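# Fold and contact review
The residues making up each chain are set out below.
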Amino acid sequence: GTTLAARAAAVLRDNDTGALVTASPKLYPHMWSWDAAFIAIGLAYLDVRRALTELGTLLAAQWSDGMLPHIVFTDADGYFPGPDRWGTDTVTRRPASVRTSGICQPPVHAIALRRIVDVARANSAGEAALAESFTARAWQALYRWHRWIARHRIAEPQGLLTIVHGWESGMDNSPRWDAPYAGVRPGPDLPPYVRLDTLGVDDPAERPSDDEYHRYLWLIEQMRRVGYEPVEVLATSDFRVGDVFSTALFAVACDDLADLADDLSLPFRAEVAGLRMWAARSRRAVADAADPVSGLAFDLDLRSGERLRTRTVAAFAPLLCSALAEPLETRLLSDLTGPDWAGHPGLTAAVPPSVSPRENGFDPRRYWRGPQWPVVVWLFSFALRRGGHTALARHWRQEGLRLLSDGSFGEYYEPFTGEPLGSTQQSWTAAVALDWLC
Ligand code: DGY
């Protein structure tokens, strides 16, 4: 235990530039929005002040309309698409002091802040005071981020959080997005580019395909042309999908942000009421997206109207935000622990893979198409514990730690061999280990 925790701490230290911890040393030498939230939780076990700096760095990159960008760029080379390709330098809503991408990622930041406040309180009165005063200062920025989502990205009448790029889901090449990506038709005027991401891994087959990547770049091109203006992006993007997983996280984050205000008696009555409403609305949207028999929640392609029924781990979104009543919740839990998922024969660690091994096209080595992701396991075990399923939460923590026991902190893992894939020394994997161990 001690050794693994010490190694996890070393990963965060080695990837630390002072103001931010890069997502990984080579493959991702910048700050990613949802990575930063998990990284901040891990940092809280080492130094609460440093954890708060991490969130502060991300919030300093917030656009004036409230959007939190998905990448905050350092001046490191070696990553594509970098800031020139994103072309956000001419966007005046972006803070002049920092270069960023032009899309966002799942809104897990208030969840992280609430966790950090809890960790700080358990540490010492001094750290608690630091975390509480940071919360009082950062609260309105987080609220404006949530309001941006509520204004621009909640698609009525379904109420699901809309994403305009697979990258916004954080699960870039998940088969969830195969059908919507089939409708993305890169134009002949897409400026040429050279991929760099496939150079940072042992085998390019662990990364998205060239065909997928071409579509990713086309969507960025479409958005760049309309200056990332949210209304125009929604009107022009070839990709518009209601994401059940992000919607569930938004529900939890809205409640967490409201809880923080209540807990610290912050003077934001009307804002808190708004957050509670968005939480309830989002939870209901996840419930409405759930199949009445299986309880699995499915994304909705908002351009075609098609329900996207691939069995990925995201379909268990109702468990994240306690969206479903009995008997469906129990049904979902037994599915997720059963032979189609975490209980599938031969898995190294009994935690859910990103795609069911029984699903067509399951690929145990390719990014979001099959491997196990420690950060996803952490999210579910965290939610399960909050939802009162403490034995299962404890079990997944133990199994998750089994996955990480070689100390390389892989980005994701081959479910049948336990081989770390993608990047090693991945910061959010180290952060998750610290939360499990400390
Ligand atoms: C990447 O470059 O693979 C990232 O996931 C995009 O945000």
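Please read these numbers as outputs of a predicted model, since none were measured by experiment. (Residues numbered from 1 in each chain as written. Predicted model: local features only at pLDDT ≥ 70, side-chain atom pairs only at ≥ 80, totals over all residues. Heavy atoms only, no water.)

### With respect to the state of the cysteines
Spelled out, the test is: Put simply, a disulfide is two cysteine sulfurs that come within 2.5 Å. Burial classes follow relative accessibility: with a 1.4 Å probe on protein chains only, a residue under 20% of its type's maximum area counts as buried, one over 50% as exposed, and anything between as partly exposed.
A full pass over the atoms with the stated rule returns zero disulfides. With no disulfide of its own, Cys 254 has Cys 321 as its nearest cysteine by sulfur position, at a separation of 11 Å. Classification of Cys 254 as buried rests on a relative accessible area of 0%.

### As for the environment of Trp 396
Where we set the bar: Each helix is a run of DSSP H or I of at least 4 residues and each strand a run of E of at least 2, with the numbering of both proceeding from the N terminus. Two residues qualify as a contact provided that any one of their heavy atoms is within 4.5 Å of a heavy atom in the partner residue.
With respect to the helices and strands, the residue Trp 396 is situated in helix H16 (residues 390–404). A residue is classified by how much of its surface remains accessible, and Trp 396, at 1% relative accessible area, is buried. Between the C-alpha atom of Trp 396 and that of Thr 348, which follows or precedes it by 48 residues, the distance is 13 Å. Excluding anything up to four places from it in sequence, Trp 396 contacts Leu 336, Thr 337, Ala 342, Ala 350, Val 351, Pro 352, Val 377, Phe 380, Ser 381, Leu 384 and Trp 436.

### Brief notes about the sheet that holds strand S7 (residues 307–308)
We apply this condition: Should DSSP find at least two bridges between two strands, the strands are regarded as paired.
Taken in spatial order, the five strands make up an open sheet running S3-S4-S5-S6-S7, and their pairing is antiparallel. Both edges of this open sheet fall to strand S3 (154–155) and S7, since each of them pairs with a single strand only. Sheet topology note: the strand S5 (residues 241–243)/strand S6 (residues 299–301) ladder contains two bridges and is antiparallel. If you follow Val 241 over to S6, its bridge partner there is Asp 301.

### So, the packing of helix H11 (residues 244–263) against helix H12 (residues 269–288)
How two helices pack is summed up by the angle between their axes together with the distance between the axes. Short version of the rule: Orientation is described by lines fitted to C-alpha atoms, with helices fitted over the stretch in contact, and by angles between N-to-C directions that extend from 0 to 180 degrees. Between 65 and 115 degrees an angle is taken as roughly perpendicular, under 35 as roughly parallel, over 145 as roughly antiparallel, and anywhere else as oblique. Two helices crossing with the near one rotated counterclockwise from the far one by less than a right angle form a left-handed crossing, whereas a clockwise rotation gives a right-handed crossing.
Interaxial distance between H11 and H12 falls to 8 Å at its minimum, and their mutual angle equals 155°. Judged by the angle between their axes, H11 and H12 are roughly antiparallel. For the crossing formed where H11 meets H12, the hand is left-handed.

### A few points about the domain arrangement of the protein chain
The criterion, for reference: An automatic or database domain assignment supplies the start and end points of every domain. We define a salt bridge as a side-chain nitrogen of Lys or Arg found within 4 Å of a carboxyl oxygen belonging to Asp or Glu. Any residue outside Ala, Val, Leu, Ile, Met, Phe, Trp, Tyr, Cys, Pro, Asp, Glu, Lys and Arg is labelled polar, Gly included; the first ten of those are nonpolar and the last four are charged.
According to the domain assignment, the protein chain consists of domain 1 (1–147) and domain 2 (344–422). Opposite the twelve residues of domain 1 that make contact, domain 2 presents 14 residues. Scanning the region where domain 1 abuts domain 2 turns up zero salt bridges. Elements supplying a minimum of two residues to the side of domain 1 that touches domain 2: helix H1 (2–14), helix H2 (33–44) and helix H5 (109–123). Of the residues contributing to the side of domain 1 that touches domain 2, the split by class is nine nonpolar, no polar and three charged.

### Here we look at the site of the ligand
The test is simple: Here a residue counts as near a molecule or strand whenever at least one of its heavy atoms sits within 4 Å of it. Polar contact is defined as a pair of N or O atoms within 3.5 Å, subject to the rule that within protein one atom must be able to donate a hydrogen and the other to accept it, and that residues adjacent in sequence are counted only when both atoms are side-chain atoms. The Shrake-Rupley method, run with a 1.4 Å probe sphere, supplies the accessible areas, and residue values consider only the shown protein chains as cover.
Taken together, Tyr 28, Trp 32, His 70, Tyr 79, Trp 167, Asp 172, Arg 207 and Tyr 367 make up the full set of residues near the ligand. Between the ligand and Tyr 79 there is a distance of 2.5 Å, counted from an oxygen atom to a side-chain nitrogen or oxygen. Between the ligand and the protein, one listed contact pairs an oxygen atom with a side-chain N or O atom of Asp 172 at 2.6 Å. Protein coverage of the free-state accessible area of the ligand, which is 230 Å², stands at 95%.

### So, unusual backbone geometry
Looking along the chain, the bond that leaves Phe 80 and enters Pro 81 is cis, with omega of 0°. Within the fold, Pro 81 resides in the loop between strand S2 (71–72) and helix H4 (83–86). In the segment running from Glu 156 into Pro 157, the intervening peptide bond is cis, with an omega of 10°. Note on placement: Pro 157 falls in the loop between S3 and strand S4 (160–163). One non-glycine residue, Tyr 228, adopts positive backbone phi at about 60°. When you line up the elements, Tyr 228 lands in the loop between helix H9 (210–225) and helix H10 (230–236). Phi is positive for Ser 322, which is not a glycine, with a value near 50°.

### Some words on helix H14 (residues 328–337)
To keep it simple, the criterion reads: Starting at the helix axis, one direction is taken to each C-beta atom, and the arc is that of these directions.
Within the sequence span of H14, burial applies to Leu 328, Glu 329, Leu 332, Leu 333 and Leu 336. The buried residues of H14 occupy an angular sector of 140° when projected down its axis, which confines them to one face. Buried positions along H14 lie against helix H13 (317–320), helix H15 (374–386) and H16.

### Topic: the packing of aromatic side chains
For clarity, the cut-off: Classification of ring pairs uses Phe, Tyr and Trp, with its six-membered ring standing for Trp, and accepts pairs whose centres are within 6.5 Å; under 30 degrees between planes counts as stacked, over 60 as edge-to-face, and the remaining range as tilted. Here, a charge over a ring means that NZ of Lys or CZ of Arg falls within 6 Å of the ring centre while also lying within 35 degrees of the ring normal.
A complete count under the given rule lists 30 aromatic pairs for this structure. Ring geometry for Trp 139 versus Phe 268: centroids 4.7 Å apart, planes at 5°, classification stacked. Placement of Trp 139 in helix H6 (residues 125–152) and of Phe 268 in the loop between H11 and H12 is noted, with a sequence separation of 129 residues between them. For Trp 139, a relative accessible area of 0% gives the class buried. Look at Phe 245 and Phe 380: their rings are 6.2 Å apart centre to centre, the planes differ by 55°, and that puts the pair in the tilted class. Of this pair, Phe 245 sits in helix H11 while Phe 380 is found in helix H15, placing the two residues 135 residues apart along the sequence. Following the ring pairs from residue to residue traces out a cluster consisting of Trp 63, Phe 80, Trp 86, Trp 167, Trp 177, Tyr 181, Tyr 193, Tyr 213, Tyr 216, Tyr 228 and Phe 239. Looking at Arg 195, its charged tip hangs above the ring of Tyr 213, at a distance of 4.1 Å from the centre. The side chain of Arg 207 reaches across the aromatic face of Tyr 367, ending 4.6 Å from its centre.

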